[in-house]
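The lines below spell out each chain.
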Amino acid sequence: MTTRRTATMADVARRAGTSTAVVSYVMNDGPRPVAVATRERVLAAAADLRYRPNRIARALRARRTGVAGLILADASNPYFAALAREIERALADRDTLTLVGNAGHSPARQKRLAERFLAAQVDGLVVVSAEGGADVAAEAEAHGTRAVHVHHRPRTAHGPLVPADNAAAVRAAVDHLRGHGHERIDFLSGPTDAGPVGVRRRAWARATPGTLLRCTYSRADAADLTERLAATDTLPSALVVATDEQAIGVLAGACRAGVAVPGRLAVVSLDGAPDTAYTAPALTVTAQPLTAMADRAVDQLLTGEADDTPLTAPLITRATCGCPDRPRSGSPR
């Protein structure tokens, strides 16, 4: 069995009857113009020979790899996965390949991922950060590489952040539940008030009386908590939930305890990933503006022009707050 030799630029030039310089101009869209007929001849020759430009050689010439690193706090979380899809789409729209790393909520792993991406000479880092740990943006800056945080920036970190307006989202959720007749509205937070969850918890405390509840960011723990509250007759009539994972757990716990949603318990979740349109009943959410966040983060990464104005997270009413559920067609966003 013979192995097919990888075609070179010289092979394409010979097949097209032109110079390697002209082939380079066609493949790189410049720096000099090429006649339409010649361009078509070069492209046909490249297709016949299955020629692929050498990305590494091009990067060395341009001092740009065309690759960016994306570090996720938790790739298994549907919200972070949806945000990652939007960031990858925004980078692809700008002809940039995405390398994705999962920190698994580990600051040490996040630091290792940043070091490996920087060693690979990525053009920049987009960081959906785990809480605590080293300042990834500072490390990137020391390498002469831009870094942008999306959704969350650790307290000790610096560098640009692309946030949603979490405080305004909580106020909208509380006001909407009041419109359904709820005077006291509880809040389900995480074990601590890290990052956006802290902003959400503080905004809730300013907006309404109620009880602060806590559990881990897992469906199982939120379900168990809901069942315990139902069993002790301490379940609120309305609940604003810090994350989708917890909100889905609340619905599961309510179902197991025989608690009617929204008749006995109204729920609003504050992440609003696309999957929330397909819970039973469908979750009312304040939807983080994933597309706008991704586009702004990538623009900042590639241009260096920072804009930290919080983006609006709109309220999307569905069944769990007491509104009629809307028919779903196509994308839930």
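In the block above lies the structure referred to throughout.
So, here is what we can say about the structure in this document. (Residues numbered from 1 in each chain as written. Predicted model: local features only at pLDDT ≥ 70, side-chain atom pairs only at ≥ 80, totals over all residues. Heavy atoms only, no water.)

A few words on unusual backbone geometry. The omega torsion of the bond from Val-261 to Pro-262 falls at 10°, within 30 degrees of zero and hence cis. Here Pro-262 shows up in the loop between helix H11 (244-257) and strand S9 (266-269). Going from Ala-280 to Pro-281, the amide bond is cis rather than trans, its omega being -5°. In this structure, Pro-281 sits in the loop between S9 and strand S10 (284-286). A positive phi angle, near 60°, is found at His-105, a position not held by glycine. Position of His-105 among the secondary structure elements: in the loop between strand S2 (97-102) and helix H6 (107-119). On the basis of relative accessible area, His-105 is assigned to the partly exposed category, the value being 49%. Located in the positive-phi region is Gln-121, a residue other than glycine, with phi close to 60°. If you trace the backbone, Gln-121 turns up in the loop between H6 and strand S3 (124-128). Under the relative-accessibility criterion, Gln-121 is labelled exposed at 56%. (Helix = DSSP H or I, 4+ residues; strand = E, 2+ residues; numbered from the N terminus. Buried < 20%, exposed > 50% of the residue type's maximum accessible area, 1.4 Å probe, protein only.)

Two modes of strand pairing occur in sheets, parallel and antiparallel, and in both the strands are linked by backbone hydrogen bonds. Pairing in this open sheet of five strands is parallel, and the strands run S2-S1-S3-S4-S5 from one edge to the other. Looking at strand neighbours, the two that pair on one side only are S2 and strand S5 (161-162), the edges of this open sheet. Relative to S2, strand S1 (residues 67-72) runs parallel, the two sharing six bridges. Across the sheet, Ala-68 pairs through a bridge with Thr-98, a residue of S2. Packing against the sheet, helix H5 (residues 78-93) makes contact with S1, S2, S3 and strand S4 (146-150), and its axis sits at approximately 170° to S1. (Pairing = 2+ DSSP bridges. Contact = heavy atoms within 4.5 Å. Axes fitted to C-alpha atoms, helices over the stretch in contact; angles between N-to-C directions.)

It is worth spelling out the sheet that holds strand S8 (residues 238-241) at this point. In space, the six strands of this open sheet follow the order S7-S6-S8-S9-S10-S11, with mixed pairing throughout. Strand pairing shows two members of the sheet lacking a second neighbour, strand S7 (212-214) and strand S11 (315-316), which therefore form its edges. When S9 meets S10, the two strands line up parallel, connected through two bridges. Its bridge partner being in S10, Val-268 is matched across the sheet by Thr-284. Running over the sheet, helix H9 (residues 195-207) touches strand S6 (186-189) and S7 and is turned about 165° from S6.

This part is about the nonpolar core. Within the largest apolar cluster, 28 residues are counted, with the highest numbers of intra-cluster contacts made by Leu-70, Tyr-79, Leu-83, Ile-87, Val-128, Val-150 and Met-293. Of all the elements in the fold, those that place two or more residues in this core are S1, H5, S3, S4 and helix H12 (290-303). The biggest single contributor to this core is H5, with eight residues. Ignoring any residue separated from it by four or fewer positions in sequence, one finds Met-293 in contact with Tyr-79, Val-150, His-151, Val-162, Ala-164, Gln-288 and Leu-311. Residues Leu-235, Ala-247, Ala-254 and Leu-283 belong to the second largest nonpolar core, which totals 22 residues. (Core = buried A, V, L, I, M, F, W, Y, C linked by side-chain atoms within 4.5 Å.)

Right, let's talk about the pairing of S1 for a bit. Buried residues dominate S1, accounting for six of its six residues. On S1, burial covers both faces: Val-67, Gly-69 and Ile-71 on one face and Ala-68, Leu-70 and Leu-72 on the other are all buried. Of the crossover connections in this fold, the one passing from S1 over H5 to the parallel S2 is right-handed. Relative to S3, S1 is paired through four bridges, and the arrangement is parallel. Bridge pairing in S3 places Leu-72 opposite Val-128. (Right-handed = clockwise from strand over helix to strand, strands pointing away.)

Moving on, we get to the layout of surface pockets. If a probe the size of a water molecule is rolled over the atoms, the empty space left behind becomes visible. Its volume calculated, the largest pocket comes out at about 500 Å³. The wall of the largest pocket is formed by 25 residues, among which Phe-80, His-105, Val-197, Tyr-217 and Thr-243 lie closest to the centre. A per-class count over the lining of the largest pocket returns 10 nonpolar, 10 polar and five charged. Considered as a void within the structure, the second largest pocket measures approximately 310 Å³ in volume. As for the second largest pocket, its lining consists of 18 residues, of which Leu-161, Asn-166, Gly-195, Pro-196 and Val-199 are closest to the centre. For the lining of the second largest pocket, the secondary-structure elements that each account for two or more residues are helix H8 (166-179) and H9. Looking at the lining of the second largest pocket, the element that brings in the most residues is H9, giving four residues. Classifying every residue of the lining of the second largest pocket gives nine nonpolar, four polar and five charged. (1 Å grid on protein atoms, 1.4 Å probe; cavity = no way out; pocket = protein on both sides within 12 Å on 5 of 7 lines; lining within 4 Å. Points joined across faces, edges and corners; volume = space filled by probe spheres on them. Nonpolar A, V, L, I, M, F, W, Y, C, P; charged D, E, K, R; others polar.)

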